[in-house]
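Spelled out, the chains give:
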Amino acid sequence: MSVSENNHLLKPGEPVQKHPWSRYVALGDSFTEGIGDPEPANPGGYRGWADRVAEELGRGHEDFAYANLAIRGRLLQQIVDEQIGPCLELQPDLVSISAGGNDLIRPGGDPDLLAEKLDVAVGQLSSGGATVVLFNGPDTAASVLGRIRGKVAIYNENLRTVAARHDAVIADMWSLRQLADLQMWDVDRLHFSPLGHHTIATMVLEALNVEHTLEPLMPKPLPPRTWREARSSDLVWAREYFVPWVIRRLRHQSSGDGISPKRPTPGPVFGPSGTLLPRR
């Protein structure tokens, strides 16, 4: 379903319908941490799709609580080792996990082996009855990640098998064709922009069959660029983002080194008055 076909958009003054979840924990890497969607008032300085989903799930639900354990740069095995245990201790009834993307962009990233590891993790997360949301990868054909498109497609098919085995929900990024627009992506071309995070949050709420207040947002048409302008932009991107990424890989460093989860314990999103709580 595209954003324009949204059938769960709440109309002004319409009462919020109840959903079955009271504690949501988000697991993953920079995508779930919210990189690319800066918000200085938020813990960690970023908002992202998961915060937006939590805000909608918390609307009209006084007992709703949200935690986000995601840390940028984490590989799938690190997410399993560092986040699964703490998540289970929080006893959530809704969990989202997006993992494997950082593995796939590295040489030797095997989509079959990654899916096997994720299968075990999803089994653990769902063992207590929690609803688990799994993210497949977006279609990277038009992005700087186009070379791994085949691996992403294989991983996505494996994820559908994992989801079916554990009765998990698939948040289908591959089918979200709006993500092909460059304005859905951050200037680093690896993370999503605020518009991208908003669009993904809407898709997740639709996948969960939850009514929400997120209006469809469409990118504004960009002015045409000359070949010289496009190449100049590519050179700036390579210098400011690609080269530092390569250097970190060579030094075995991660952008998440020294970073802690931005919301390590579940907390309410809205206060007693129904307004969003201060983000600090």
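This is a predicted model, so every value here is computed, not measured. (Residues numbered from 1 in each chain as written. Predicted model: local features only at pLDDT ≥ 70, side-chain atom pairs only at ≥ 80, totals over all residues. Heavy atoms only, no water.)

Draft legend 1. Geometry of the packing of helix H5 (residues 111–126) against helix H6 (residues 149–166). Where H5 contacts H6, the two axes come as close as 9 Å, and the packing angle between them is 25°. Relative to H6, H5 is oriented roughly parallel. In terms of crossing hand, the pair formed by H5 and H6 is right-handed. In this structure, H5 uses Pro 111, Asp 112, Leu 114, Ala 115, Leu 118, Asp 119, Val 122, Gly 123 and Ser 126 to contact H6, whose residues at the interface are Lys 151, Ile 154, Tyr 155, Asn 158, Leu 159, Val 162, Arg 165 and His 166. When its residues are assigned to classes, the contact of H5 with H6 shows nine nonpolar, four polar and four charged. (Axes fitted to C-alpha atoms, helices over the stretch in contact; angles between N-to-C directions. Helix = DSSP H or I, 4+ residues; strand = E, 2+ residues; numbered from the N terminus. Parallel < 35°, antiparallel > 145°, perpendicular 65-115°, else oblique. Left-handed = near helix turned anticlockwise from the far one by under 90°. Contact = heavy atoms within 4.5 Å. Nonpolar A, V, L, I, M, F, W, Y, C, P; charged D, E, K, R; others polar.)

Draft legend 2. Quick peek at the pairing of strand S4 (residues 131–135). Counting buried positions along S4 yields four of five residues, so the element is predominantly enclosed. In the sheet, strand S3 (residues 94–98) pairs with S4 via four bridges, with the strands oriented parallel. Across the sheet, the residue bridging to Val 95 is Val 132, located in S4. Assessed by its sense of winding, the connection that carries the chain from S4 through H6 to strand S5 (residues 169–171) is right-handed. (Buried < 20%, exposed > 50% of the residue type's maximum accessible area, 1.4 Å probe, protein only. Pairing = 2+ DSSP bridges. Right-handed = clockwise from strand over helix to strand, strands pointing away.)

Draft legend 3. The arrangement of the environment of Glu 211 in detail. Looking at where Glu 211 falls in the secondary structure, it is placed in the loop between helix H7 (194–207) and helix H8 (227–250). If we ignore the near neighbours within four places in the chain, the residues touching Glu 211 are His 8, Leu 10, Glu 14, Pro 15 and Gln 17.

Draft legend 4. Fine view of the packing of aromatic side chains. Going through the model one piece at a time under the given rule, you end up with six aromatic pairs. Seen in terms of ring centroids, Trp 185 and Phe 192 are 4.3 Å apart; in terms of plane orientation they differ by 35°. Their pairing is tilted. Note on Trp 185: relative accessible area 13%, which makes it buried. Joined through ring pairs, the aromatic side chains of Phe 31, Trp 49, Phe 135, Trp 185 and Phe 192 make up one cluster. (Phe/Tyr/Trp six-rings, centres within 6.5 Å; stacked < 30°, edge-to-face > 60°.)

Draft legend 5. Spotlight on the sheet that holds strand S1 (residues 23–28). Here we have six strands laid out as an open sheet, ordered S5-S4-S3-S1-S2-S6, and mixed in their pairing. Either end of the sheet is taken by a strand with one partner, and the two such strands are S5 and strand S6 (263–267). Across this sheet, the average inter-strand angle for adjacent strands is 15°, counted without regard to direction. Alignment of S4 against S5, held across three bridges, turns out to be parallel. Within the sheet, the bridge partner assigned to Val 133 lies in S5 and is Val 169. The strands touched by helix H2 (residues 48–58) within the sheet are S1, strand S2 (65–68), S3, S4 and S6, with S1 carrying the most contacts at an inclination of about 170°. Its contacts with the sheet put helix H3 (residues 76–89) on S1 and S3, and the angle it makes with S1 is roughly 170°.

Draft legend 6. Summary view of the pattern of salt bridges. Applying the stated criterion to the full structure yields twelve salt bridges. Through salt bridges that share partners, Asp 51, Lys 262 and Arg 263 make up one connected network. (Salt bridge = Lys/Arg side-chain N within 4 Å of Asp/Glu carboxyl O.)

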